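Listed below are the residues making up each chain.
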Amino acid sequence: ENKLVTRLPELERLGVFGRRLEPRAEPWSSTFFPSWYGGEAGRWTEGSVRLGTRTLTGFDPPTEAEARAWLTKAAEGDAAAEARLFTLAPTEKVDIAFGKLDFPATRQGLGHSHNGHPRYWSGRCNGVATASLVVPEPFRVVEVVGPSGQKVRFHPNDVKSLLSVAYYTAQDERIVGDFCREVAFDSGRTCSMSPAVLVIALANRIGLARESFLIDALPTIAKQYYAVAAATITLSGTPRAPGTTPRAPALEGKVDRLVDVRIDLVVSSTTLSYAKVNVPDRSAPDGSRYTRVGVVPVPMSYTAELALDREGELVGGRWTGDPADGPDAIFMGLGGPKLEPDGRLSAATEIPWGFVRTLAEKSVEEGPTLPRIDLTTCDTCR
């Protein structure tokens, strides 16, 4: 009925407890394109050792002469040159496709990763997790023909990387709870969000509206976002008097009963290795298809005590597990990617959103021929 349900009796009547709650669309899993591996400007096909070394030593994109040599040889049918182009970073392919051989998108990406100041735990997990909720999983290679006839092929994981950048900054970002800013031995004690809020969000957003959201599962200064693929909220016993249970000053005089709850989540991994997203579909004769990853489940379980007022309203709670921690925030990126006035991504201003969107659409085509984009005729790619 387009309203938030916050009373326990009404949630029980609506049947959200004790059963598996799932969104309409199942998310897909991915790596989070770590900044120390170059993010969207990293040549992810070359392996973690080389990528990690580049983080320490710095890395430059190809020279114009190198790129032109690869393109010339590839046009002549040189298999090694074709392979070299296919293993370039997603942003390097974007630059080559648009004929920008000074590599502006790649240089911008490297500024956030290899050649900038990469943090240990940083990447595009919120972007790729948000994309997985609204975009079908890319699984096909897409060939792009540039303005001068140059050809470059995008692996499905290249498309995922570009989607992770696109959805990294959304038009409307809703945060419930707060990001942890503490470095402490027990940051979860103060950084975990209220279990009552998490129950209300799961019951309403997934149980009733059947839409998902992201959780930051680390109640620490580090962040790791996962899309919720399924949730089960189980009440234990019946509501009881609060007795001498400690409560926050804001809840004095409000708590009438307490009830125990168990929250079991299945979240969609955003920490996969690059090898797991690079498995060719051998049943496809044209070699353009890769095995869909789908949901790689990460189970998470929490227990908590919920506080109810006299009307059964959920007014607070505390975590009771070992450790007594929960997620630190819920995140929803709504309305699609945030764009500049010219249609380029706010998170990567050298990349047109129309191009990324068209790539993603082509990468889920089921036709018998290799999906292709011709930039001379693609009006939506600019």
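Now for a quick tour of the structure.

Observations regarding the sheet that holds strand β13 (residues 372-374)
No. 1: The 3 strands lie next to each other as β3-β2-β13, forming an open sheet whose pairing is mixed. Only two strands of the sheet have a single neighbouring strand rather than two, namely β3 (151-154) and β13. Across the sheet, the mean angle from the axis of one strand to that of its neighbour is 20 degrees, orientation sign disregarded.
No. 2: In this structure, strand β2 (residues 142-145) lies alongside β13, joined through 3 bridges in parallel fashion. From the neighbouring strand, valine 145 faces β13, where its bridge partner is aspartate 374.

Examining empty space enclosed by the protein
No. 1: Applying the stated criterion to the full structure yields 1 cavity of 30 Å³ or more.
No. 2: Roughly 40 Å³ of internal volume is contained in the largest cavity.
No. 3: What lines the largest cavity is Glu137, Pro138, His155, Pro156, Asn157, Lys160, Val277, Tyr290, Thr291 and Val293.
No. 4: Split into classes, the residues belonging to the lining of the largest cavity amount to 5 nonpolar, 3 polar and 2 charged.

With respect to the nonpolar core
No. 1: Val144, Phe154, Leu163, Phe355, Val356, Leu359 and Ile373 are the most contacted members of the largest nonpolar core, which has 45 residues in total.
No. 2: Not counting chain neighbours up to four residues away, the residues in contact with leucine 163 comprise Gly127, Ala131, Val135, Pro138, Trp353, Val356 and Ala360.

Let's talk about the environment of glycine 316
No. 1: One can find glycine 316 in strand β9 (residues 314-319).
No. 2: Through-space distance from the C-alpha of glycine 316 to that of serine 187 is 20 Å; in sequence the pair is 129 residues apart.
No. 3: Contact partners of glycine 316, with chain neighbours within four places excluded, come to Ser194, Ala196, Leu251, Glu305, Leu306 and Ala307.

Section: helix α10 (residues 195-208)
No. 1: Taking 1.5 Å per residue, 14 residues should reach 20 Å; α10 reaches 18 Å between its end C-alpha atoms and fits that length.
No. 2: Taken across its 14 residues, α10 has 11 buried, putting it largely inside the fold.
No. 3: Within α10 the residues assigned to the buried category are Pro195, Ala196, Leu198, Val199, Ile200, Ala201, Leu202, Ala203, Asn204, Ile206 and Gly207.
No. 4: With a side-chain oxygen lying 3.2 Å from the backbone nitrogen of alanine 196, the N-terminal cap of α10 falls on serine 194.
No. 5: Count one or two residues on from α10 and you reach arginine 210, which has phi positive near 60 degrees.

A short note on the state of the cysteines
No. 1: Per the stated rule, a full pass over the model turns up 1 disulfide.
No. 2: For cysteine 378, the disulfide goes to cysteine 381, at an S-S distance of 2.0 Å. When the S-S torsion is 70 degrees, as for the bridge of cysteine 378 with cysteine 381, the disulfide is right-handed.

Thoughts on the packing of aromatic side chains
The description of an aromatic ring pair rests on the distance of the ring centres and on the angle between the ring planes.
No. 1: Inspection of every chain in the model, using the stated rule, returns 11 aromatic pairs.
No. 2: Judged by centre distance (6.4 Å) and plane angle (40 degrees), the ring pair of tyrosine 37 and tyrosine 274 falls under tilted. Of this pair, tyrosine 37 sits in the loop between β1 (20-21) and α2 (48-57) while tyrosine 274 is found in the loop between β7 (257-268) and β8 (297-308), placing the two residues 237 residues apart along the sequence. For the pair tyrosine 37 and tyrosine 274, one class covers both residues: buried.
No. 3: Look at tyrosine 225 and phenylalanine 331: their rings are 5.6 Å apart centre to centre, the planes differ by 55 degrees, and that puts the pair in the tilted class. Separated by 106 residues along the polypeptide, tyrosine 225 in strand β6 (residues 225-240) and phenylalanine 331 in strand β10 (residues 329-337) bring together distant segments of the chain.
No. 4: Classification of tyrosine 225 as buried rests on a relative accessible area of 5%.
No. 5: Taking relative accessible area as the criterion, phenylalanine 331 reaches 4% and is therefore assigned buried.

The rules behind these values
- Residues numbered from 1 in each chain as written.
- Predicted model: local features only at pLDDT ≥ 70, side-chain atom pairs only at ≥ 80, totals over all residues.
- Heavy atoms only, no water.
- Pairing = 2+ DSSP bridges.
- Helix = DSSP H or I, 4+ residues; strand = E, 2+ residues; numbered from the N terminus.
- Axes fitted to C-alpha atoms, helices over the stretch in contact; angles between N-to-C directions.
- 1 Å grid on protein atoms, 1.4 Å probe; cavity = no way out; pocket = protein on both sides within 12 Å on 5 of 7 lines; lining within 4 Å.
- Points joined across faces, edges and corners; volume = space filled by probe spheres on them.
- Nonpolar A, V, L, I, M, F, W, Y, C, P; charged D, E, K, R; others polar.
- Core = buried A, V, L, I, M, F, W, Y, C linked by side-chain atoms within 4.5 Å.
- Buried < 20%, exposed > 50% of the residue type's maximum accessible area, 1.4 Å probe, protein only.
- Contact = heavy atoms within 4.5 Å.
- Expected span 1.5 Å × (residues − 1).
- Polar contact = N/O pair within 3.5 Å; in protein donor to acceptor, adjacent residues only side chain to side chain.
- Disulfide = S-S within 2.5 Å.
- Phe/Tyr/Trp six-rings, centres within 6.5 Å; stacked < 30°, edge-to-face > 60°.

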